[in-house]
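Spelled out from the first residue to the last, the chains are:
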Amino acid sequence: MQIYLVGGAVRDELLNYPVYDKDWVVVGATPEEMIKNGYRPVGSDFPVFIHPKTGEEYALARTERKSGKGYSGFQYHASPDVTLEEDLSRRDLTINAMAKSSSGELIDPYGGQNDLATKQLRHVSPAFSEDPLRVLRVARFAARYVHLGFTVAAPTLKLMQAIASTDELSHLTKERIWQEMERALSERSPLTFFNVLEQANALEQLFPPFTTLVNNDKAQQIAAQFTDTTETKVRFAALCYVCFHTLSEAQTKLEQFCRDLRTQNQTRELAIHTLIAHPQLQCWSSLSAENKLALIKQLDLLRRPERLPPLQASTRLLSDENTNAGELLANLCEELKGINPKALMNDGYKGAALGEEIAKRQIAICELF
Ligand code: ATP
Ligand code: MG
């Protein structure tokens with residue numbers, strides 16, 4: 001059997017980019033041989049194995065044939081006579097269809113190096129159209145590499161448009177769509193993901209509320225502040241504010257969007273809390289003590305202090321001026337936590353009187369911020 005490094009690791013090494021995960025392809029082997037050599041099979045539609053020591057994925061070379069809708073509607077054929085070139089031909093982009101042998105030789109049957117040099121995201125073959133997930137993947141790679149000058153090759157964009165003009169995109173699962181969007185948000189230029197989907201006529205179908213992001217100055221201003229350490233959920237929350245805040249029913253719509261796509265609870269909560277908190281933080285100094293307290297209670301910030309740092313981060317991204325309202329909110333929460341009901345009970349407060357005294361002291365503290 002021969003083993004080759006394939007896909008992203010080969011591409012990123014040539015780009016001088018950090019390589020995080022390595023995918024391998026094995027030519028000329030049977031599943032039985034793999035198991036005999038200590039590889040652990042992972043139960044899926046096609047033969048993939050985990051290396052016993054490195055934990056990296058080794059897939060047997062395979063070809064595929066479209067047999068149904070969506071990205072899972074494929075029949076795979078893996079056998080020892082499938083060649084490396086055949087395996088590479090089923091891949092999405094030429095820059096992802098290169099392999100490196102154990103002696104360091106580069107195998108590049110589809111012009112991946114040339115497309116790296118000319119910075120083109122180009123499909124390998126017309127079979128590209130068979131998997132609608134590739135529309136999202138190409139948009140995501142554009143979001144990752146646009147700062148290096150990469151663009152989607154014109155014929156590839158045509159194929160993406162052709163996919164979007166059928167009902168294929170509707171066969172992608174919501175989880176998969178969100179997974180791609182979440183990854184795209186963590187890329188260097190997330191807005192490019194939405195721009196490319198728009199050019200492919202896929203944005204309206206996939207993420208209707210996010211069409212607002214295309215050519216949007218505010219979104220650009222927000223994204224320009226993203227750094228390597230800006231968490232994905234913070235990026236999402238800030239961009240959601242641009243997409244949803246002008247509608248009165250924004251909160252319901254955003255809630256619906258997040259539930260549809262099955263985003264993580266934390267992600268949904270932060271986006272909604274940002275929608276609620278940002279307008280109030282913007283006018284913090286003119287907010288009444290009662291309103292400040294109501295906001296803190298609405299977001300349950302005293303019992304859920306972990307909600308504060310990401311909320312400060314998302315609302316800071318949205319602020320035009322250098323405001324410290326988020327910090328004031330955090331300091332206020334800290335002070336409010338200093339109110340000690342036990343001590344008040346020792347002082348003789350109980351029942352309704354205790355509740356009233358706590359509320360009185362909370363308001364008094366809010367007056368100071
Ligand atoms: P990343 O750096 O994000 O891991 P990657 O290119 O390694 O990028 P993976 O999702 O890890 O992407 O997939 C590994 C390789 O498998 C890709 O480089 C590509 O060759 C192939 N591949 C993955 N998904 C698809 C797909 N939907 N259609 C065609 N080829 C795919
Ligand atoms: Mg990879």
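Residues numbered from 1 in each chain as written. Chains lettered and ligands numbered in written order. Predicted model: local features only at pLDDT ≥ 70, side-chain atom pairs only at ≥ 80, totals over all residues. Heavy atoms only, no water.

1. Re the overall build of the protein chain
Here comes step 1: Looking only at helices and strands, the protein chain has 18 helices and eleven strands in total.
Here comes step 2: Whereas a compact globule of 369 residues would reach a radius of gyration of roughly 21 Å, the protein chain reaches 26 Å, over 25% beyond that.
Here comes step 3: Principal axes of the C-alpha set define a box for the protein chain whose edges measure 85 × 45 × 40 Å.
Here comes step 4: Of all 369 residues assigned to the protein chain, the portion counted as buried reaches 48%.
Here comes step 5: Restricting the contact set of the protein chain to residue pairs at least 6 apart, pairs at least 24 apart contribute 64%.
Here comes step 6: About 18000 Å² of surface is accessible on the protein chain, with carbon and sulfur atoms providing 48% of the total.
Here comes step 7: Averaged over its 41 positive side-chain charges, the protein chain has a centre that lies 3 Å from the centre of its 47 negative ones. (Helix = DSSP H or I, 4+ residues; strand = E, 2+ residues; numbered from the N terminus. Rg over C-alpha atoms; globule rule 2.2 N^0.38 Å. Buried < 20%, exposed > 50% of the residue type's maximum accessible area, 1.4 Å probe, protein only. Contact = heavy atoms within 4.5 Å. Areas by Shrake-Rupley, 256 points an atom, 1.4 Å probe, with all protein chains shown as cover. Lys, Arg positive; Asp, Glu negative; His and termini not counted. Charge placed at Lys NZ, Arg CZ, Asp CG, Glu CD.)

2. A look at helix H15 (residues 308–318)
Here comes step 1: Burial of H15 is extensive: eight of the eleven residues sit out of reach of the surface.
Here comes step 2: Every buried residue of H15 is accounted for by Leu308, Pro310, Leu311, Gln312, Ser314, Thr315, Leu317 and Leu318.
Here comes step 3: Against the buried residues of H15 lie helix H10 (217–223), helix H11 (232–244), helix H13 (265–282) and helix H16 (325–336).

3. What to know about the domain arrangement of the protein chain
Here comes step 1: Structurally, the protein chain comprises domain 1 (1–112), domain 2 (119–206), domain 3 (209–333) and domain 4 (338–369).
Here comes step 2: For domain 1 and domain 2, the distance between their C-alpha centres works out to 22 Å.
Here comes step 3: With 21 residues of domain 1 at the contact, the number on the domain 2 side is 26 residues.
Here comes step 4: At the boundary of domain 1 with domain 2, total buried surface from both sides reaches about 1900 Å², with 61% on carbon and sulfur atoms. (Domains from an automatic or database assignment. Buried area = accessible area lost by both parts, 1.4 Å probe.)

4. Some remarks on the packing of helix H14 (residues 289–298) against H16
Here comes step 1: Closest axis-to-axis distance for the H14/H16 pair is 11 Å, and the angle between their directions is 85°. Relative to H16, H14 is oriented roughly perpendicular. For the pair formed by H14 and H16, the contact residues are Lys292, Leu293 and Ile296 on the first element and Leu329, Leu332, Cys333 and Leu336 on the second. (Axes fitted to C-alpha atoms, helices over the stretch in contact; angles between N-to-C directions. Parallel < 35°, antiparallel > 145°, perpendicular 65-115°, else oblique.)

5. Regarding unusual backbone geometry
Here comes step 1: Positive phi is not limited to glycine here, since Asn215 has a value of about 55°.
Here comes step 2: Note on placement: Asn215 falls in the loop between helix H9 (203–206) and H10.
Here comes step 3: On the basis of relative accessibility, which here comes to 68%, the residue Asn215 falls in the exposed class.
Here comes step 4: One non-glycine residue, Asp300, lies in positive phi territory at about 55°.
Here comes step 5: Locating Asp300 in the fold gives a position in the loop between H14 and H15.
Here comes step 6: A residue is classified by how much of its surface remains accessible, and Asp300, at 22% relative accessible area, is partly exposed.

6. Examining the site of ligand 1
Here comes step 1: Taken together, 16 residues surround ligand 1, and among them Arg11, Asn96, Asp131, Arg134 and Arg144 come closest.
Here comes step 2: Within the side chain of Asp23, one N or O atom sits 3.4 Å away from an oxygen atom of ligand 1.
Here comes step 3: The separation between an oxygen atom of ligand 1 and a polar side-chain atom of Arg144 is 2.8 Å.
Here comes step 4: Computed on the free molecule, ligand 1 has an accessible area of 590 Å², of which 78% lies beneath the protein chains in the complex.
Here comes step 5: At the level of elements, helix H1 (8–14) and helix H5 (133–145) are the ones that each hand at least two residues to the shell around ligand 1.
Here comes step 6: No other element matches the five residues that H5 contributes to the shell around ligand 1.
Here comes step 7: In the shell around ligand 1, the residues fall into one nonpolar, three polar and twelve charged.
Here comes step 8: Mapped onto the domain boundaries, the shell around ligand 1 takes at least three residues apiece from domain 1 (1–112) and domain 2 (119–206). (Near = heavy atom within 4 Å. Polar contact = N/O pair within 3.5 Å; in protein donor to acceptor, adjacent residues only side chain to side chain. Nonpolar A, V, L, I, M, F, W, Y, C, P; charged D, E, K, R; others polar.)

7. A look at the UniProt feature "binding site: CTP" (unreviewed entry) in the protein chain
Here comes step 1: Annotation from UniProt places "binding site: CTP" (unreviewed entry) at Gly8, Arg11, Arg91, Arg137 and Arg140.
Here comes step 2: Examined against the element boundaries, Gly8 turns out to sit in helix H1.
Here comes step 3: Tracing the backbone shows Arg91 in the loop between helix H3 (84–89) and strand S8 (99–100).
Here comes step 4: Ignoring sequence-local partners within four residues, the contact set of Arg91 consists of Val6, Val25, Asn96, Ala97 and Val124.
Here comes step 5: At a separation of 2.7 Å, a polar atom in the side chain of Arg91 contacts the side chain of Asp87. (UniProt positions renumbered as here; feature names shortened; annotations may be inferred.)

8. As for the packing of aromatic side chains
Here comes step 1: Under the defined criterion, the tally for this structure stands at 17 aromatic pairs.
Here comes step 2: Plain terms: the ring middles of Phe74 and Tyr76 are 6.3 Å apart, the flat faces sit at 35° to each other, and that makes the pair tilted.
Here comes step 3: We classify Phe74 as buried; its relative accessible area is 9%.
Here comes step 4: Overall, the relative accessible area of 26% leaves Tyr76 in the partly exposed class.
Here comes step 5: Through successive ring pairs, a cluster of aromatic residues spans Trp178, Phe193, Phe194, Phe207, Phe210, Phe236, Phe244 and Phe257.
Here comes step 6: The cationic tip of Lys66 hangs over the ring face of Phe74; the distance from NZ or CZ to the ring centre is 5.3 Å.
Here comes step 7: In this structure, Arg140 is placed above the aromatic ring of Phe141, and the distance from its NZ or CZ to the ring centre is 5.4 Å. (Phe/Tyr/Trp six-rings, centres within 6.5 Å; stacked < 30°, edge-to-face > 60°. Lys NZ or Arg CZ within 6 Å of the ring centre and 35° of its normal.)

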